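Here is what each chain is made of, one letter per residue.
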Amino acid sequence: MTSRGRRSDQRRRGNIETLRSGAKRIRVYNGLDPVTKKPIYVGETVAANTPGLDKAAERALIRWLKTVDDQKAPRTNATVDELINAFLDVIDIDRGTLRGWRNKQKNHIRPLLGETSLKKAHPHVLETFFAELRRCRKHCGRQPQVDHRTPRQHERDHRCVRHQCEGLSTSSVREIHTILNGAFGRAVVWEWLGANPLDQVPPPEAPKPNPQPPKTHEAAQLINKAWRNDPAWGACVWLAFTTGKRRGDLCGLRISAVDLESGVAEFGLVIKQDGRDIYTGDPKGKRHTRVVLDPETVEVLREHLARCAALAAAAGATLDPETSERRRSWLPACPSVPDH
Ligand SMILES: [Zn+2]
Ligand SMILES: [Zn+2]
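Attention here is on the structure that accompanies the text.

The rules behind each value
Residues numbered from 1 in each chain as written. Chains lettered and ligands numbered in written order. Predicted model: local features only at pLDDT ≥ 70, side-chain atom pairs only at ≥ 80, totals over all residues. Heavy atoms only, no water. Donors = N, O, S within 2.8 Å, 3.2 Å for Na, K, Ca; no water. Buried < 20%, exposed > 50% of the residue type's maximum accessible area, 1.4 Å probe, protein only. Core = buried A, V, L, I, M, F, W, Y, C linked by side-chain atoms within 4.5 Å. Helix = DSSP H or I, 4+ residues; strand = E, 2+ residues; numbered from the N terminus. Contact = heavy atoms within 4.5 Å. Salt bridge = Lys/Arg side-chain N within 4 Å of Asp/Glu carboxyl O.

Another aspect to go through is the coordination of the zinc ion (ligand 2). Ligation of the zinc ion (ligand 2) by protein atoms is provided by Cys136 (SG), Cys140 (SG), His163 (NE2) and Cys165 (SG), these donors lying 2.1 to 2.3 Å from the ion. Here the donor residues of the zinc ion (ligand 2) share one chain and are spaced in sequence as C-x3-C-x22-H-x1-C. Assessed through its relative accessible area of 11%, His163 is described here as buried.

Okay, structure coming up:
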């Protein structure tokens, strides 16, 4: 391209405008906004008292043209909230997790960052946001206020107390970091942003796990009490203690996945819950695990299965060992096992 051709091309893509104050405004076209479909301009204003104003403005124009050519300028006027909506619409995650993420968006990200333009979501803005979450989960902005006992209309009483700031838990802050990091990462792939502003902002360190399992005599008391209330519930609590499996794994254990002869149970299906909706899913890490059962546990399961078969027979039905449907799966087959 000749130098004249290049100059006219630069004029089309960007221009320098003289403002009434004498300052020069540089605007460079950066394509259409993929979200709003409106043209995007980037640029800056060079102050009127800048030495060599015309040359400085010309240099700024060339710099902005290069920024756009290198795809480092923001390609959208979208806000953080719009980006997260677009991200959550395409992401493939468990629906219970998705619901939790939408709640985090609604309760924490939207009130503080939702309206922020992606162009302004700098690392400093994001670090300030995380600091506010760590300071107060209600984002009170240090304003005195009252924590009401219910969001509904009510008479104020002793349960409505002066607000005391309490930071959001580290695990929640980490989850919010994960959501934003995922969304900004997609924004880079979609060419909405040149770089992920969270690349420079690490999440808070994971808290050290501090499980406090019941002691042996407490576990024995729990199992005995459960058994007295209901043998099916007792079998469930027993299996939880001896296998260390979670509730969803225990509920998802099918009759066909238990081999009482060789004493092995295969955990490969999980019952999940999202509000009132109950569905099956993969175990954590999508890994199937085989657990060797001790002879006592085999006996507990044998008795449990016999009770289930008797219950089914009384209702004129048979147990289907292949079914993964919650009500006919291994443990919840007995009607008295609570859902939570
Ligand atoms: Zn109140
Ligand atoms: Zn507060």
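Ranked by internal contacts, the top residues of the largest apolar core, which has 28 residues, are Ile109, Phe130, Leu180 and Phe184. Of all elements in the fold, only helix H3 (80–90), helix H4 (95–113), helix H5 (123–135) and helix H6 (170–189) reach the threshold of two or more residues within this core. A per-element tally of this core places H6 first, with seven residues. Once residues lying within four places of it in the same chain are set aside, the contact partners of Phe130 are Val173, Ile176, His177, Leu180, Leu198 and Val201. Of all hydrophobic cores here, the second largest spans 13 residues; its members include Cys236, Ala257, Ala265 and Leu301.

Around the zinc ion (ligand 1), the protein contributes the donor atoms His148 (ND1), His154 (NE2) and Cys160 (SG), which lie 2.0 to 2.1 Å from the metal centre. Each donor residue of the zinc ion (ligand 1) lies on the same chain, and together they follow the pattern H-x5-H-x5-C. A residue pair is termed long-range when its members are at least 10 positions apart, and His148 in the loop between strand S4 (146–147) and strand S5 (161–162) and Cys160 in the loop between S4 and S5 qualify at twelve residues. For Cys160, a relative accessible area of 10% translates into the label buried.

Enumeration according to the criterion identifies 17 salt bridges in this entry. In this structure, Asp54 and Lys24 form a salt bridge, with 3.3 Å as the shortest nitrogen-oxygen distance. Pair noted here: Asp54 is in helix H2 (residues 53–69) and Lys24 is in strand S2 (residues 24–32), with a separation of 30 residues, a long-range link. Judged by relative accessible area, which is 14%, Lys24 ranks as buried. Among the ionic contacts, a cluster of salt bridges with common partners joins Arg149, Asp157 and Arg159.

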